Amino acid sequence: METRPLGDTGHDSTVMTFGAIALNWLEQEGANQLVEHVLDYGVNHFDVAPTYGDAELKLGPKLRQHREEIFLGCKTQERTYEGAWRKLDRSLNRLGVEKIDLYQVHGLEYDEELNEITGDDGALTAFREAKEQGLIDHIGLTSHGDPGLILDALDRIDDLESVMFPLNPVVVGKDDDEYDYEAVLARADEKNVGTLGIKAFAGGSWPPTDELPEADRPFANWYRPVTAPDEIRERFDFAAAQGLTSVINAGDPKLVTMILEAAADYDGMDEAAQRSVIERARHDDSPVPEQLHH
Amino acid sequence: MDVPDTVATALDDRPVTGRRCLEAGAGVGNATAGLLANGADRVYAVTNDRDHARTTRRRVADSGGDGSGGDGTDRGNDADRLAVLEADLRSIPLPDGSVDLITAHGVCNVLDPAALTAVAEELSRVAAPGAHLVVDDYDPLPDGAAIGELFAVENAASELARCRPALTFYPAAFLRRFFAGHNWEFDRERTLLEPVPWTESHVSAHADEAASMAAECPGEAGDALSATARGLATEIGSESVGRMYSLAFRRPG
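Residues numbered from 1 in each chain as written. Chains lettered and ligands numbered in written order. Predicted model: local features only at pLDDT ≥ 70, side-chain atom pairs only at ≥ 80, totals over all residues. Heavy atoms only, no water.

An unreviewed UniProt entry annotates chain B as Class I SAM-dependent methyltransferase originating from Halorubrum ruber.

Looking at an unreviewed UniProt entry, chain A carries the name Aldo/keto reductase, with the source organism given as Halorubrum ruber.

Next up, the structure:
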């Protein structure tokens, strides 16, 4: 599978990152099998979070077995120094590893949060101490929210080495600033910050829960995903062709193999074909940034 | 105001800022939106369809554009820079040599050869010396394209009802030579879409159009064409096939 430099981290990530939230929906044996399956395709970048149910615990056994093959991303929604330290310790324990390669501020949504994490008692102080102690190697940030806020974060956090944000044809086809994640991609590229794409496979928002309860949704994603193999392939190719370092799979395990296949076969997408995908999705509603879930 | 990527791509190497522009055949005003966003001094959106004229006006009015797009200079409100003219493209109500840039975005395919000739003559008349012309359209569909069958039915209904085809897909090479024959110097060609996404709403709109014209046809032929069009639309759903191209020309200075 193609690899690309993750900004200045020195790590070359595969063009697909395994979003380990998929493990949350499996029993341990199935989780083990899925991790082996993902590794068989050559994927070398995994991403997990304490908010993904028990995905950290289920990733643990195979992560420890294959620790050298996996660049491990994890994250915290804590915004304070104390909280970030507490969550980092907890994730290290639950994963059963001595170090997390990329530790990320998770789900930045509001200006106040950015002020808080960058303050003296903010989470980033804890991140930097953890880095000095060798518990993490790199600092990143994720957001499903306002692209302008991510741009501010890129400008204000000098040691930021990766950003994770939504990118798909629906948002690329819209001109309003609230969908302008392309500006985030461009600024990150300028600053040589790695870029991780989420929601590449978003087909739209789910109906309200009173119309379709979460338990009845056919896929365990925050959004309604595209599901046909040719659509999955097209969405993967589109996202990878925008220049992201890596594209993260949709969170439902039923979709992972199709995305692995698309990633393994990725060989670019020309501009006319990219425009074709945008044109088809141009009038669709976007599940981001309105639907702010992690 | 969302400007489709096709329009943005077709205009991105054209000098729009500060120019007097003409959108020939404003449908929903996509090229008009692109021209205003790129800093056109004035845009004349010409259409003979009242609904299209209304849509274009409303779209620009609703955008609340402040005219600061393009080069960042204040060019006044978008609506103040737009004139929607309800007129036939074969008789454009503008003086000779009065526009600097013309777009024909997805227009040629609805002009039969005779109409295309008349329109090309009129576009050439209103173009100022040194003016630019951007022609965006579709290559003929490849054999086996399902949507091609629907277009064939639409054309058959149109021929019976109005004695002319509804759609003519001119190859890029043909329009290149054609406009050269009207004293336009070829500048460049680029592919805008490949494949072209014919969405469910496109397919449904063409089926409606075919059925509407079939209703004007006498007897059983009309009924059969209408039923075929509806059936094909259901069967096709949506299809991505074919190529949309952009040609750019320059009027000798």
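Concerning the overall build of chain A
Within chain A one finds eleven helices and twelve strands. Against the 2.2 N^0.38 benchmark of 19 Å for 294 residues, chain A shows a C-alpha radius of gyration of 18 Å, consistent with a compact globule. By principal-axis analysis of the C-alpha atoms, chain A measures approximately 50 × 45 × 40 Å. Residues classed as buried in chain A amount to 60% of the 294 residues present. With an accessible surface of roughly 11500 Å², chain A has 43% of that area assigned to carbon and sulfur atoms. The averaged location of the 59 negative side-chain charges in chain A is 3 Å from the averaged location of its 27 positive side-chain charges. (Helix = DSSP H or I, 4+ residues; strand = E, 2+ residues; numbered from the N terminus. Rg over C-alpha atoms; globule rule 2.2 N^0.38 Å. Buried < 20%, exposed > 50% of the residue type's maximum accessible area, 1.4 Å probe, protein only. Areas by Shrake-Rupley, 256 points an atom, 1.4 Å probe, with all protein chains shown as cover. Lys, Arg positive; Asp, Glu negative; His and termini not counted. Charge placed at Lys NZ, Arg CZ, Asp CG, Glu CD.)

Thoughts on the overall build of chain B
Scanning chain B from terminus to terminus reveals eight helices and nine strands. The principal-axis extent of the C-alpha atoms belonging to chain B is close to 60 × 40 × 30 Å. Among the 253 residues that make up chain B, the fraction classed as buried is 52%. Carbon and sulfur atoms make up 47% of the accessible area of chain B, which totals about 10500 Å². For chain B, the distance from the average site of its 23 positive side-chain charges to the average site of its 40 negative ones is 7 Å.

A closer look at the pairing of strand β8 (residues 160–166) of chain A
Residue and element names in this part refer to chain A. For β8, a buried count of seven out of seven residues is recorded, marking the element as mostly surrounded by other parts of the structure. Across four bridges, the pairing between strand β7 (residues 136–142) and β8 is parallel. Each residue of the ladder has a partner; that of Gly 140, found in β8, is Ser 162. At this point the chain moves from β7, through helix α6 (residues 147–156), to the parallel β8, and the crossover so formed is right-handed. Bridge count between β8 and strand β9 (residues 194–198): five bridges; the pairing is parallel. The residue bridging Phe 165 from the neighbouring strand is Gly 197, located in β9. (Pairing = 2+ DSSP bridges. Right-handed = clockwise from strand over helix to strand, strands pointing away.)

Thoughts on helix α7 (residues 200–214) of chain B
Residue and element names in this part refer to chain B. The end-to-end C-alpha distance of α7, which contains 15 residues, comes to 21 Å, matching closely the 21 Å that a straight helix rising 1.5 Å per residue would cover. Inspection of α7 places Val 203, His 206, Ala 207, Ala 210, Ala 211, Met 213 and Ala 214 among the buried residues, and these make up the whole buried set. End-on view of α7: buried residues confined to an arc of 165°, all on one side of the axis. On its buried face, α7 is in contact with α5 (146–162), β7 (197–198) and α8 (219–236). (Expected span 1.5 Å × (residues − 1). Arc of directions from axis to C-beta. Contact = heavy atoms within 4.5 Å.)

Section: helix α11 (residues 271–281) of chain A
Structurally, the α-helix is built with 3.6 residues per turn, so residues lying three or four positions apart point the same way. The buried fraction of α11 of chain A is high, at nine of eleven residues. Looking only at α11 of chain A, the buried set comprises Ala 272, Ala 273, Gln 274, Arg 275, Ser 276, Val 277, Ile 278, Glu 279 and Ala 281 of chain A. Those residues of α11 of chain A hidden inside the fold are in contact with α7 (169–172) and α9 (229–241) of chain A together with α1 (5–11), β6 (185–193) and β7 of chain B. The N-cap of α11 of chain A, judged by a side-chain oxygen 3.2 Å from the amide nitrogen of Ala 272 of chain A a few residues on, is Asp 270 of chain A. (Polar contact = N/O pair within 3.5 Å; in protein donor to acceptor, adjacent residues only side chain to side chain.)

Concerning the pairing of β9 of chain A
All names here are of chain A. Extensive coverage of β9 is indicated by the burial of five of its five residues. By the alternation rule, side chains of β9 split into Gly 194, Leu 196 and Ile 198 and Thr 195 and Gly 197, which are all buried. Here two bridges tie β9 to strand β12 (residues 246–248), and the two strands are oriented parallel to one another. Across the sheet, residue Leu 196 finds its bridge partner in β12, namely Ser 246.

A few points about the sheet that holds β8 of chain A
Residue and element names in this part refer to chain A. Strand order in the closed barrel made by the eight strands is β3-β4-β5-β6-β7-β8-β9-β12, with parallel pairing throughout. Averaged over all neighbouring strand pairs, the angle between strand axes comes to 30°, with direction disregarded. The sheet contacts of helix α3 (residues 81–95) involve β5 (71–76), β6 (100–105) and β7, and relative to β6 the element is tilted by about 140°. (Axes fitted to C-alpha atoms, helices over the stretch in contact; angles between N-to-C directions.)

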